[in-house]
Amino acid sequence: MDVPTKAVETSIDPPKDLDAGALFVLKSEGSWLHCGYHLTTSIVSPILLSLPYAMGLLGWVGGVMWLAFAALVTFYSYNLLSLVLEHHAKLGHRYLRFRDMATHILGPGWGRYFVGPLQLSICYGAVVASPLLGGQCLKFIYLAYKPNGSMQLYQFIIMFGVLMLFLAQMPSFHSLRHINLLSLILSLVYSACIAAGSIHIGSSRKAPPKDYSLSDGANRIFNAINGLSIIATTYASGIIPEIQATVAPPVTGKMFKGLCICYTIIIITYFSVGISGYWAFGNGAQGSILSNFMAGDKPLLSSWFLLMTDIFILAQLAAVCLVYMQPPNEILESFFADPKRDQFSIRNMVPRLIFRSLTVVIGTTIAAMLPFFGDIMALFGAFGCIPLDFILPMIFYNVSFKPSKKSLVFWINTTITVVSSALAVVGTVASIRQMVLDAKTYSLFANL
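Keep in mind that what you see is a predicted model, and the values were worked out from it rather than measured.

Chemist: Explain the pattern of salt bridges here, please?
Modeler: Where charged atoms from two side chains of opposite charge approach closely, those side chains can pair. Counted under the stated rule, the structure contains six salt bridges. In this structure, Asp100 engages Arg97 in a salt bridge whose closest nitrogen and oxygen atoms are separated by 2.7 Å. Residue classification places Asp100 among the partly exposed residues on the basis of a relative accessible area of 24%. By relative accessible area, Arg97 is classed as buried at 9%. When the shortest N-O distance is used, the salt bridge between Glu330 and Arg99 registers 3.1 Å.

Spelled out as structure tokens, the structure:
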């Protein structure tokens, strides 16, 4: 393939007339290690607990193959995106945001009306989903020690939201580097706990009957589509340019090293959780494998073990929420902060405090009102994550480097674009179908 090799490194500084969002939130001061921490936190999150369920929709062969294939395609895709960013940086145009990249390569309308809104909806969707999942973790801990407790889910969601009110004031993406290192470690630890718990239950006398059969007819097709969409979404990031923007120039080769760190963690966590969970519970694997660790109100593992695992997941959720708050923070700072004043001046700190707090309050309120938000996020995954992470990087590369139509890289990129576009369409239809089927269970402030 005629993927370009490393060119001579030149120190390309960011433009001098940066707006406040790029100047303050997307500071270019990080190393390739920091890049690896950010990448891992943006991809490896508690959504991986749904992998055994997704494999149950695809079966052993389909599940394992798609898990491996999606890893290969996204690694390739993110590396292409990085190469395109490096290419334009060498030409004197270092793009710090996904929408700026789309505007320059495809035209103003693409950045303003497609990539920008799509990325913002995904990022803010994650900001809403994190308090929801965090609230569910807190409720799980509460019920483990007080099975007949009367507290409702929305109360736990609000508790998590209060925590995020304080953490949201972290000034920049780069300032999250130590938090994201801790997040990386936590993802390894709770994945090991989940895998060990699944293996213990699956090999014990408490093991549920294992059924690995697939459904028949139309349900089998829709289930397979849902499984493909879920796994594709677990590999999604949507903020690769913003993460690369945190790297100090020269940027050449640093993102690739960061991706190697990230995908090492992905292989360890995704395959251990997905395979062990599906082996232990078969088609009975639930949307979150943690739910399978309970038989009604009775835990199948020691309470201290479940509590420890849940606390690790809860802590990492806070880091994931912070990472996905950065693009909305960058937009808010670009509107309300003054780049000519110091980042920590009263002029800039007051709007930052107000608008970041509002971001968290609104997201937490939506999470408390709509605890079925997971179904909505499945739609976002199909309609948003697949275009940003599977389709646009291929298009950006072909437009920027103009590979020969006879070259292997051109046809690989084109094939991935076509297949991913089809998956986005059918995944959107399947997600809407699931929302219709689940609509009867929807109610505001439901105690799920």
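Chemist: Help me out: how do you make sense of unusual backbone geometry in this one?
Modeler: For residues that are not glycine, phi is negative in most cases, and the peptide bond is trans in most cases. The omega angle of the peptide bond from Pro249 to Pro250 is 0°, so this bond is cis rather than trans. Among the structural elements, Pro250 can be located in the loop between α9 (240-245) and α10 (254-281). Even without being a glycine, Lys402 presents a positive backbone phi close to 50°. By the element assignment, Lys402 lies in the loop between α13 (373-401) and α14 (408-438). Accessibility expressed as a relative area gives 64% for Lys402, which makes it exposed.

Chemist: Explain the confidence of the model for the protein chain to me, please; I cannot follow it from the model alone.
Modeler: Where the model shows low pLDDT, its predicted coordinates should not be examined in detail. On average, residues of the protein chain score 88 in pLDDT, and 92% of them are at 70 or above. With pLDDT under 50 throughout, residues 1-14 is counted as low confidence; its partners more than four residues away or in other chains account for 32 contacts.

Chemist: Can you help me understand a nonpolar patch on the surface in this one?
Modeler: A cluster of nonpolar residues, Trp60, Val61, Met65, Ile199, Ile275 and Trp279, forms a patch on the protein surface that exposes about 560 Å² of accessible area. Elements supplying a minimum of two residues to the nonpolar patch: α3 (51-90) and α10. Ranked by residue count, the leading element in the nonpolar patch is α3, at three residues. Mapped onto the elements of the fold, Met65 is located in helix α3. Residue Met65 is classed as exposed on the basis of its relative accessible area, which comes to 56%.

Chemist: In this structure, what is going on with the nonpolar core? I would like to understand it.
Modeler: Across soluble globular proteins, you tend to see nonpolar side chains buried next to one another. If you look at the biggest cluster of nonpolar residues, it comprises 103 residues, and the most contacted ones within it are Ile231, Tyr235, Tyr270 and Phe396. If near-sequence neighbours (up to four positions away) are discounted, Phe396 is found in contact with Leu81, Val84, Phe98, Met101, Ala102, Ile105 and Leu106. Counting residues in each nonpolar core, the second largest holds six residues, with Val128, Leu153, Ile157 and Ala368 among its members.

Chemist: Looking at this model, I keep getting lost on the environment of Ser272. Mind explaining?
Modeler: Mapped onto the secondary structure, Ser272 falls in helix α10. The class for Ser272 is partly exposed, based on a relative accessible area of 25%. When neighbours within four sequence positions are excluded, Ser272 is seen to be in contact with Ser191, Ala195 and Ile267. Polar contacts involving the side chain of Ser272 include one to the main-chain carbonyl oxygen of Ile268, which spans 2.7 Å.

Chemist: Explain the packing of α3 against helix α4 (residues 98-106) here, please?
Modeler: Each pair of packed helices can be summarised by the angle the axes make with each other and by the distance between the axes. The contact between α3 and α4 brings their axes to 12 Å, and the two run at 70°. With respect to their mutual orientation, α3 and α4 come out roughly perpendicular. Crossing angle aside, the handedness with which α3 passes α4 is left-handed. Contacts from Leu81, Val84, Leu85 and His88 in α3 reach Phe98, Met101, His104 and Ile105 in α4. Its residues assigned to classes, the contact of α3 with α4 comprises six nonpolar, two polar and no charged.

Chemist: Can you walk me through helix α5 (residues 108-145) in this structure?
Modeler: Think of an α-helix as 3.6 residues a turn; residues three or four steps apart then line up on the same face. The first and last C-alpha atoms of α5 sit 55 Å apart over 38 residues, in line with the 56 Å expected at 1.5 Å per residue. Of all the bends in α5, the greatest reaches close to 35° and is centred on Val115; the proline Pro117 follows between one and four positions later.

Chemist: So what exactly am I meant to see when it comes to the packing of aromatic side chains here?
Modeler: In this description, a pair of aromatic rings is defined by centroid distance and the angle of the planes. Summed over the entire model, instances satisfying the criterion amount to 16 aromatic pairs. Aromatic side chains Phe98 and Phe396 sit 6.1 Å apart centroid to centroid with 55° between the ring planes, which places their arrangement in the tilted category. With Phe98 in helix α4 and Phe396 in helix α13, this residue pair connects regions lying 298 residues apart in the sequence. The exposure class of Phe98 is buried, given its relative accessible area of 0%.

Chemist: Even after reading the chapter, I still don't get the packing of helix α11 (residues 303-336) against helix α12 (residues 346-369), so can you show me in this structure?
Modeler: Orientation of α11 relative to α12, taken along the N-to-C sense of each, is 140°, at an axis distance of 10 Å. By the angle between their directions, the pair α11 and α12 is classed as oblique. The hand of the α11/α12 crossing is right-handed. Here Met325, Asn329, Leu332, Glu333 and Phe336 of α11 come into contact with α12, specifically with Arg347, Pro351, Arg352, Phe355, Arg356, Thr359 and Val360.

Reading the values: rules and limits
- Residue numbers here run from 1 along each chain, matching the order of that chain's written sequence.
- Where local features are concerned, this predicted model is filtered to residues with pLDDT of at least 70; where side-chain atom pairs are given and counted, the filter is 80 or more; whole-chain, interface and lining totals use all residues.
- Side-chain numbers here rest on the full set of heavy atoms in the structure, without hydrogens or water.
- For salt bridges, the criterion is a side-chain nitrogen of Lys or Arg within 4 Å of an Asp or Glu carboxyl oxygen.
- Only protein chains enter the accessibility calculation, which uses a 1.4 Å probe; a residue is then buried when its area is under 20% of its type maximum, exposed when over 50%, and partly exposed in between.
- Helix and strand definitions here come from DSSP, where helices need a minimum of 4 consecutive H or I residues and strands a minimum of 2 consecutive E residues; each element is numbered from the N-terminal end.
- As a per-residue measure, pLDDT tells how confident the predictor is, with possible values from 0 to 100.
- By the convention used here, residues are in contact when the closest approach between their heavy atoms is within 4.5 Å.
- Here, patches come from residues exposed beyond 30% relative accessible area and free of salt bridges, joined within 9 Å for like charges and within 5 Å for nonpolar side chains (Val, Leu, Ile, Met, Phe, Trp, Tyr).
- Note on areas: Shrake-Rupley with a 1.4 Å probe; residue coverage comes only from the protein chains shown.
- Grouping buried Ala, Val, Leu, Ile, Met, Phe, Trp, Tyr and Cys residues that are joined through side-chain atoms within 4.5 Å yields what is termed a nonpolar core.
- Polar contact is defined as a pair of N or O atoms within 3.5 Å, subject to the rule that within protein one atom must be able to donate a hydrogen and the other to accept it, and that residues adjacent in sequence are counted only when both atoms are side-chain atoms.
- The axes used here are C-alpha line fits, helices contributing only the stretch in contact, and every angle between their N-to-C directions lies in the interval 0 to 180 degrees.
- Between 65 and 115 degrees an angle is taken as roughly perpendicular, under 35 as roughly parallel, over 145 as roughly antiparallel, and anywhere else as oblique.
- Take the far helix as the reference: if the near one is turned anticlockwise from it by less than a right angle, the crossing is left-handed, and if turned clockwise, right-handed.
- Classification convention: Asp, Glu, Lys, Arg as charged; Ala, Val, Leu, Ile, Met, Phe, Trp, Tyr, Cys, Pro as nonpolar; all other residues, Gly among them, as polar.
- Between the first and last residue of a helix there are one fewer steps than residues, each counted as 1.5 Å, and that sum is the expected span.
- Fitting axes to the seven residues ending at a residue and to the seven starting there, one defines the bend at that residue as the angle between these axes.
- Pairing of aromatic side chains here covers Phe, Tyr and the six-membered ring of Trp, requires ring centres within 6.5 Å, and sorts the geometry by plane angle: under 30 degrees stacked, over 60 edge-to-face, intermediate tilted.

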